[in-house]
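# Summary of structural features
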Amino acid sequence: MLDIKLIRDQPDVVRAGFARRGEDPALVDQVLRLDERRRELLREVEALKATRNLVSKEISKMKDAAAREAKIAEMRALGDQIGEFDRQAAAADAEFDALMLVLPNLPDQRVPVGTSEHDNIVVRTEGTPRAFDFTPKPHWELGEALDIIDFERGIKISGSRFFVLKGAGARLQRALVGWMLDTHTTKHGYTEVLPPYVVKADALVGTGNLPKFGENLFRIEGHDLTLIPTAEVPVTNLYREEILDAGQLPIYHVAYTPCWRNEQMSGGRDVRGIKRVYQFDKVEMVKFVEPAHSYAELLTLIDNAEQICKALAIPYRLLELCTADLGTAVMKYDLELWAPGVDEWLEVSSCANFGDYQARRANIRYRPEHGAKPEFVHTLNGSGLALPRVMIAIIENYQQADGSIVVPEVLRGYMGGVDVIR
RNA sequence: GGGCAGGUGACGGAGUGGUUGAACGUGCUCGUCUCGAAAACGAGUUAGGGUGAAACCUACGGGGGUUCGAAUCCCCCCCUGCCCUCCA
């Protein structure tokens, strides 16, 4: 959510920000009109209430019965009027609030302007793709042959875009989860959190998934509960409606959870393999920081995710996302692992600074110092990393001519001595 | 799912229709005192909106109602604790 004061005081700045990311600048004028109307109604109803409060106090001291009754009758009429204004003011508020919740965030000035994901910038590429003396196979062929991914039975029990990991495949993913969590908690300073996997609508509004981006969510029928699309939702909402002490910041959390996404918009794309599925696991990092530090915190967040890619010894690249691909962030970077079997770069991490956009929605504040007014924190999050695509990258990069898969060195301690899956 | 008891500021805890935005205590901040600290004493200390600053408005779990006036009365819902039931 944006600061209404910013919109009032510097509408041109907001219009320009919307234009940079391809949103309609006229939204600004629409919100200003609604703001003016609701404030006008508020001023009127508050003046009436002030009168009522004053007279009510007088009534309590009045001795003369007739005069008292007259005042009460007068206030009864005023009460009806207040009720009518209250209703109008509430309606105007609701309209204003609804628009505020769908306004996009303003991109950071440093973000390159673009009109689609094609305008994202490759910042750098690390590692060299391995030279194969045979044709590398896609992970679905290798996974099925080794009996570590069972596509058919996943579809049988849950439908398309669900899969089953089995034997060394299940063990490999568990090893990755354990290793990633250990790395972030012991080397990068994150505190592990194991949150609920379903949340109330409020939480989704807090992170910005609702009301605008609800089409990819799985809702639980008959309940106000939704399966989380990412751990970002429960973890960011951990401190909703709270005022933190400055001494508590920065807060770093890391959480491993399954994620559910109803990929309606992706049509028939990526139907093979485990690249795009309805349920996947992910290790997610979330930060709550003081506003002045959020840019520096984004850089370390990216580095934390990058360390995982680096340690796996798989080629990867860092992308700076353009204004069209920002989602609700002010600034965002993606990490992509190279996958030789499917012959493409796979997005395994998205690291973003949201500024105070989520903090305003979720009302997450901190007190800069004793006695000071509470201010909104800045929130950030980044995948560290998304599991199925890391699995793809490992399977395809570490495959051997005979179809076996070498276990990356960093994971061997987590694999109970298995160094080759065959 | 059933029953009982509750939900008030950072915390404990008063308050059952009218100077209560909230007693009292604790904590915290500043000051006096002190070589320094503790103790003691004094002052301050909820949040949101609003204003140049005030005034003023709103909020005592949430929503609705009664009333000139509600933290206080009524209705619905949510949450917490305990007991029973159920269950991994």
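Report follows, based on the coordinates. (Residues numbered from 1 in each chain as written. Chains lettered and ligands numbered in written order. Predicted model: local features only at pLDDT ≥ 70, side-chain atom pairs only at ≥ 80, totals over all residues. Heavy atoms only, no water.)

## Considerations on the protein's contact with RNA strand B
Not every one of the 20 residues close to RNA strand B is listed here, only the nearest: Asn 53, Ser 56, Arg 76, Arg 365 and Arg 367. A breakdown of the atoms of RNA strand B within 4 Å of the protein gives sugar and phosphate a share of 72%. At 2.9 Å, a side-chain N or O of Arg 367 approaches a phosphate oxygen of RNA strand B. Elements represented by at least two residues in the surface near RNA strand B include exactly helix H1 (4-9), helix H3 (26-61), helix H4 (65-102) and strand S14 (364-367). (Near = heavy atom within 4 Å. Polar contact = N/O pair within 3.5 Å; in protein donor to acceptor, adjacent residues only side chain to side chain. Helix = DSSP H or I, 4+ residues; strand = E, 2+ residues; numbered from the N terminus.)

## Considering the packing of H3 against H4
Close contact between H3 and H4 brings their axes to 8 Å; oriented N to C, the two are set at 160°. When the axis of H3 is compared with that of H4, the two are roughly antiparallel. The handedness of the crossing between H3 and H4 comes out as left-handed. (Axes fitted to C-alpha atoms, helices over the stretch in contact; angles between N-to-C directions. Parallel < 35°, antiparallel > 145°, perpendicular 65-115°, else oblique. Left-handed = near helix turned anticlockwise from the far one by under 90°.)

## Notes on the pattern of salt bridges
The final tally for this structure, using the stated rule, is 23 salt bridges. Here Arg 43 ties to Glu 36 by a salt bridge, and the two come within 3.3 Å at their closest N and O atoms. Given a relative accessible area of 49%, Arg 43 falls into the partly exposed group. Residue classification places Glu 36 among the partly exposed residues on the basis of a relative accessible area of 36%. Arg 110 is paired through a salt bridge with Asp 108; the nearest N and O atoms lie 2.9 Å apart. (Salt bridge = Lys/Arg side-chain N within 4 Å of Asp/Glu carboxyl O. Buried < 20%, exposed > 50% of the residue type's maximum accessible area, 1.4 Å probe, protein only.)

## Structural notes on the packing of aromatic side chains
Following the criterion strictly, the structure yields 7 aromatic pairs and no others. With centroids separated by 5.6 Å and ring planes inclined at 75°, the aromatic side chains of Phe 218 and Tyr 278 adopt a geometry described as edge-to-face. Of this pair, Phe 218 sits in the loop between helix H8 (201-207) and strand S6 (219-220) while Tyr 278 sits in the loop between strand S9 (251-260) and strand S10 (279-289); the two residues are 60 residues apart in sequence, bridging distant segments of the chain. Note on Phe 218: relative accessible area 21%, which makes it partly exposed. Clustering of aromatic rings is evident, with ring pairs tying together Phe 162, Phe 218 and Tyr 278. The ring of Tyr 295 carries the charged tip of Arg 110 above its face, separated from the ring centre by 3.9 Å. Above the ring of Tyr 252, the side-chain terminus of Lys 287 is found at 4.5 Å from the ring centroid. (Phe/Tyr/Trp six-rings, centres within 6.5 Å; stacked < 30°, edge-to-face > 60°. Lys NZ or Arg CZ within 6 Å of the ring centre and 35° of its normal.)

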